[in-house]
Amino acid sequence: MPKHYRPAGKKKEGNAAKYVTRSQAVKYLQVSLPVFRRLCILKGVFPREPKKKVKGNHHSYYHTKDLMFLKHEPLLEKFRDMRTYERKVKKAVSKKNRDLAERLLRRKPTYTLDMLIKERYPKFIDAVRDLDDCLSMVHLFAALPAVDRIVDGEKIPVSRVHNCRRLSQEWQAYISRTHKLRKTFISVKGIYYQAEVEGQKVTWLTPHALQQVLPEVDYRVLLTFLEFYETLLAFVNHRLYHSINVTYPPILDPRLEALSADLYALSRYLDANSQMSTKAITSSGSEQAEHQQDEPGALMQQLPSNEPGALMHLLEDASREDDEDSETRQCKNLFRNINFFLSRESPRESLLFIIPAFGGKVSWEGAGAPYDESDQSITHQIVDRPTQGHKFLSREYLQPQWVYDCINAHIILPTEKYIVGCVPPPHLSPFVDNDAEGHVPEYAEAIERLKAAERKEVLPLPGMGNEDLDDPQSLLGIIDRAEAIEAAKKKQKMLMQEKKYHDELKLELQGAQLPSLQSGVEVEDAEGDALPDLQQRAKDADSMSEVSMSRKKRKLLEAMKIGKKRKEDGVNLLKERKRRIDQAKKTSS
């Protein structure tokens, strides 16, 4: 018998030994398919893609190490205990043993996912990186009606909806209080937000405040994901609230809770707790300030005579301002000294979130509002209706899009295009890189000019770079873009003439006869040949490299060229549409 002889079916190696199908995994763990799916979601185990699929392409494959990871999970025993408990309850009910059924219902086994959160996210920054799907899922279920309903045999309890709403508003209150919001965009799917937390960009989607139509999907899978995401977001909120010296969970004003002003109640709670923590630090610091002799002179001049602990208060405020980066300070002061009032039809929850995040004060129409519509301190009123009947002359009536566009541009935009009754400009997405797409919208260029004017900068003209703006002599004589392009052409022609002159000097020093050009056509040809044809050289280099490529790389290159060509066609189509619209406006006028 050969040394390496192995009978068929005795031992496996390679992909056959590393990967098993889903049915084999379920049989190995001795659980049902729903329990296996639930356990995989909670533990973060997903199917793999082996190089060679032994059982065929129509199977899902799992790694054997993942199965060993699931086999020793304590949660698996909990699921088995719960299955046994359900059978006992069902048996007691079927035998009409009411006392036994009631005792069993009082002793229902429970479990927590705290250890799974610590296991999957060893560091807090890891949990922040994985918040995108978590926040989108929690905000989705928070928008559902708070009624018990059964969808596809699975009940969505009202307690889960209330919990999602509470967690989402606690997250929004923290982002608004610390001014971490950076971008927002209104789309057909909902409202996109992007915040910067612990140096990480977190993006989530919030559905519109409309009646939600539940599609036909597997809600058992969604509720399993939601169970894990609720625990994760609770851990994150706990850590973030303690980072700003605020106790968690927050205790809200019951009156504001009854009026459905939860986000405003959370904002007031955060402000009150931060003031209490500041006073506590101030009182403890006043005892130490009596023994300190050498203090900064600038801070001593700011001390009021009736506040003994004000020194520590000033030191804390100075250190807090130093901790904030420049972008946070800019966002904090965007809507400073601006008081908003929201009309009844405007998106109240979204505006209550984003306006305080950028330093503005906001009120609304209804009970529990900070100030009424007749308040004289209101500077801007947000209206989302075609006309406005009664108007105050001391304020501006604007559409909600103005607030979102100001946030994305990080400047206060002119209000002429956003007045009630006017067609607003296009709502541009801040998540799109216009330079990479190859098309810059007209309104985006106008916003860039406004931002440059606020920074007191001068934008470069075509044919010039940013380094040319440092030389004021380069700007003389250039009035518009046409003259700038003409100046660039003249500069290139002068460089060609200078190169030709140096070549003739070299020939003259060597004693060679200068070439005589017979006609103007030959002069133009010589000037054309003086500079190398860079485009032709690049084209030849690409063709040579393409010849030496393998077939797989050549196909990939062709796909990249097709994608680039498709993008250019889309840009040309947009330009053609804009040209037609401009031409139609000219003919109509």
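Residues numbered from 1 in each chain as written. Predicted model: local features only at pLDDT ≥ 70, side-chain atom pairs only at ≥ 80, totals over all residues. Heavy atoms only, no water.

## Here's the deal with helix α17 (residues 348–357)
Turning to step 1, where the next piece is worked out: Counting buried residues along α17, seven of its ten residues qualify, which places the element largely inside the surrounding structure.
Turning to step 2, where the next piece is worked out: Those residues of α17 that sit buried are Ser 350, Leu 351, Leu 352, Phe 353, Ile 354, Ile 355 and Ala 357.
Turning to step 3, where the next piece is worked out: The first or second residue beyond α17 is Gly 359, which carries a positive phi of 90°. (Buried < 20%, exposed > 50% of the residue type's maximum accessible area, 1.4 Å probe, protein only. Helix = DSSP H or I, 4+ residues; strand = E, 2+ residues; numbered from the N terminus.)

## Side note on the sheet that holds strand β10 (residues 380–382)
Turning to step 1, where the next piece is worked out: Spatial strand order, β9-β8-β10-β11: four strands in an open sheet with parallel pairing. Every interior strand has two partners, whereas the edge strands, β9 (361–364) and β11 (396–398), have only one. Across the sheet, the axes of successive neighbouring strands diverge by a mean angle of 25°, strand direction being ignored.
Turning to step 2, where the next piece is worked out: Taken together, the three bridges between β10 and β11 define a ladder with parallel strand orientation. Note that in β11 the partner of Ile 382 across the bridge is Leu 398.
Turning to step 3, where the next piece is worked out: Where α17 meets the sheet, its contacts fall on β8 (339–342), β9 and β10, and the angle it forms with β9 comes to roughly 160°. (Pairing = 2+ DSSP bridges. Axes fitted to C-alpha atoms, helices over the stretch in contact; angles between N-to-C directions. Contact = heavy atoms within 4.5 Å.)

## Structural notes on the pairing of β9
In regular strands, side chains alternate between the two faces of the sheet.
Turning to step 1, where the next piece is worked out: In the sheet, β8 pairs with β9 via four bridges, with the strands oriented parallel. From the neighbouring strand, Phe 340 faces β9, where its bridge partner is Val 362.
Turning to step 2, where the next piece is worked out: Read from β8 through α17 to β9, the crossover connection turns out right-handed. (Right-handed = clockwise from strand over helix to strand, strands pointing away.)

## Considering unusual backbone geometry
Backbone geometry follows two general trends: most residues other than glycine have a negative phi, and most peptide bonds adopt the trans configuration.
Turning to step 1, where the next piece is worked out: Pro 249 follows Tyr 248 through a cis peptide bond whose omega is 0°.
Turning to step 2, where the next piece is worked out: Here Pro 249 is to be found in the loop between α11 (219–243) and α12 (254–258).
Turning to step 3, where the next piece is worked out: The phi dihedral of Asn 245 is positive, around 60°, even though this residue is not glycine.
Turning to step 4, where the next piece is worked out: The residue Asn 245 is located in the loop between α11 and α12 in this model.
Turning to step 5, where the next piece is worked out: Phi angles above zero are rare outside glycine, and His 410 is one such case at about 60°.
Turning to step 6, where the next piece is worked out: Position of His 410 among the secondary structure elements: in the loop between α18 (401–409) and α19 (434–437).

## Looking at the environment of Glu 546
Turning to step 1, where the next piece is worked out: The residue Glu 546 is located in helix α23 (residues 534–547) in this model.
Turning to step 2, where the next piece is worked out: The exposure class assigned to Glu 546 is partly exposed, which follows from its relative accessible area of 23%.
Turning to step 3, where the next piece is worked out: In this structure the C-alpha to C-alpha distance between Glu 546 and Leu 557, which are eleven residues apart in sequence, comes to 8.6 Å.
Turning to step 4, where the next piece is worked out: When near neighbours in sequence (up to four residues on either side) are disregarded, Glu 546 contacts Arg 554, Leu 557 and Lys 561.

## Describing the packing of aromatic side chains
Turning to step 1, where the next piece is worked out: Counted under the stated rule, the structure contains 16 aromatic pairs.
Turning to step 2, where the next piece is worked out: Geometrically, the ring pair formed by Trp 171 and Trp 204 is edge-to-face, given 5.7 Å between the ring centres and 80° between the ring planes. You can see Trp 171 sitting in helix α10 (residues 158–178) and its partner Trp 204 sitting in strand β7 (residues 200–206), a full 33 residues away along the chain. The two residues Trp 171 and Trp 204 agree in class, both being buried.
Turning to step 3, where the next piece is worked out: Considering the side-chain rings of Tyr 192 and Phe 431, the 6.4 Å spacing of their centres and the 65° angle between planes classify their relative orientation as edge-to-face. Highlighted residues: Tyr 192 in strand β6 (residues 191–197) and Phe 431 in the loop between α18 and α19, separated in sequence by 239 residues.
Turning to step 4, where the next piece is worked out: Overall, Phe 431 belongs to the partly exposed group, its relative accessible area being 33%.
Turning to step 5, where the next piece is worked out: Put simply, the rings of Tyr 121, Phe 225, Phe 228 and Tyr 229 touch in pairs and so form one group of aromatic residues.
Turning to step 6, where the next piece is worked out: A cation over a ring is seen here: Lys 43 above Phe 69, with NZ or CZ 3.9 Å from the ring centre. (Phe/Tyr/Trp six-rings, centres within 6.5 Å; stacked < 30°, edge-to-face > 60°. Lys NZ or Arg CZ within 6 Å of the ring centre and 35° of its normal.)

## Description of the packing of helix α3 (residues 33–43) against helix α4 (residues 64–71)
Turning to step 1, where the next piece is worked out: With their axes 11 Å apart at the nearest point, α3 and α4 run at an angle of 95° to one another. Between α3 and α4, the crossing angle belongs to the class labelled roughly perpendicular. Contacts from Phe 36, Leu 39, Cys 40 and Lys 43 in α3 reach Leu 67, Phe 69 and Leu 70 in α4.
Turning to step 2, where the next piece is worked out: Looking at the contact of α3 with α4 residue by residue, the class counts come to six nonpolar, no polar and one charged. (Parallel < 35°, antiparallel > 145°, perpendicular 65-115°, else oblique. Nonpolar A, V, L, I, M, F, W, Y, C, P; charged D, E, K, R; others polar.)

## Examining the nonpolar core
Turning to step 1, where the next piece is worked out: Of all hydrophobic cores here, the largest spans 89 residues; its most connected members are Phe 36, Trp 171, Ile 354 and Val 403.
Turning to step 2, where the next piece is worked out: For this core, the element with the most residues is α11, which contributes ten residues.
Turning to step 3, where the next piece is worked out: When residues no more than four places from it in sequence are discounted, the contact partners of Val 403 are Phe 335, Phe 340, Leu 351, Ile 354, Ile 355 and Ile 382.
Turning to step 4, where the next piece is worked out: Residues Tyr 85, Ala 92, Ala 101 and Leu 104 belong to the second largest nonpolar core, which totals five residues. (Core = buried A, V, L, I, M, F, W, Y, C linked by side-chain atoms within 4.5 Å.)

## With respect to the sheet that holds β6
Turning to step 1, where the next piece is worked out: One open sheet holds the three strands; their spatial order is β5-β6-β7, and the pairing between them is antiparallel. Either end of the sheet is taken by a strand with one partner, and the two such strands are β5 (181–186) and β7. Between one strand and the next, the sheet's axes are offset by a mean angle of 15°, whatever the strand orientation.
Turning to step 2, where the next piece is worked out: Along the sheet face, α17 touches β5, β6 and β7 and points at about 35° away from the line of β6.

## A few points about the pattern of salt bridges
Turning to step 1, where the next piece is worked out: Here the structure, examined in full by the defined rule, presents 22 salt bridges.
Turning to step 2, where the next piece is worked out: For Glu 170, the salt bridge identified is with Arg 166, shortest N-O distance 2.9 Å. Separated by four residues within a single helix, Glu 170 and Arg 166 lie in helix α10, roughly one turn from each other.
Turning to step 3, where the next piece is worked out: Judged by its relative accessible area of 36%, Arg 166 is partly exposed.
Turning to step 4, where the next piece is worked out: Residue Arg 220 pairs with Asp 218 through a salt bridge whose shortest N-O separation is 3.5 Å.
Turning to step 5, where the next piece is worked out: Taking the relative accessible area as the measure of exposure, Arg 220 reaches 44% and is therefore partly exposed.
Turning to step 6, where the next piece is worked out: Each of the salt bridges in this network shares a partner with another, and the network as a whole consists of Lys 43, Glu 73 and Glu 119. (Salt bridge = Lys/Arg side-chain N within 4 Å of Asp/Glu carboxyl O.)

## A word on the confidence of the model for the chain
Turning to step 1, where the next piece is worked out: Per-residue confidence for the chain averages 78 on the pLDDT scale, and 75% of its residues sit at or above 70.
Turning to step 2, where the next piece is worked out: Every residue in residues 284–319 scores below 50 in pLDDT, and together they form 22 contacts with partners more than four places removed in sequence or on other chains.
Turning to step 3, where the next piece is worked out: In the model, residues 517–524 has pLDDT below 50 throughout and makes five contacts with residues more than four positions away in sequence or in other chains. (pLDDT = per-residue confidence, 0-100.)

## Structural notes on the environment of Arg 129
Turning to step 1, where the next piece is worked out: Along the chain, the position of Arg 129 falls in helix α8 (residues 124–129).
Turning to step 2, where the next piece is worked out: Relative accessible area serves as the criterion here: at 49%, Arg 129 is assigned to the partly exposed category.
Turning to step 3, where the next piece is worked out: Note: C-alpha distance between Arg 129 and Gln 200 (71 residues apart in sequence) is 6.5 Å.
Turning to step 4, where the next piece is worked out: Within the structure, the side chain of Arg 129 is placed 2.9 Å from the side chain of Asp 126, a separation counted as a polar contact. (Polar contact = N/O pair within 3.5 Å; in protein donor to acceptor, adjacent residues only side chain to side chain.)

## Section: the environment of Val 571
Turning to step 1, where the next piece is worked out: Tracing the backbone shows Val 571 in helix α24 (residues 551–588).
Turning to step 2, where the next piece is worked out: Take Val 571: its relative accessible area is 10%, and that puts it in the buried class.
Turning to step 3, where the next piece is worked out: For the pair formed by Val 571 and Glu 437, sequence separation is 134 residues and the distance between their alpha carbons is 8.0 Å.
Turning to step 4, where the next piece is worked out: Residue contacts for Val 571: discarding those within four places in its chain leaves Glu 437, Gly 438 and His 439.

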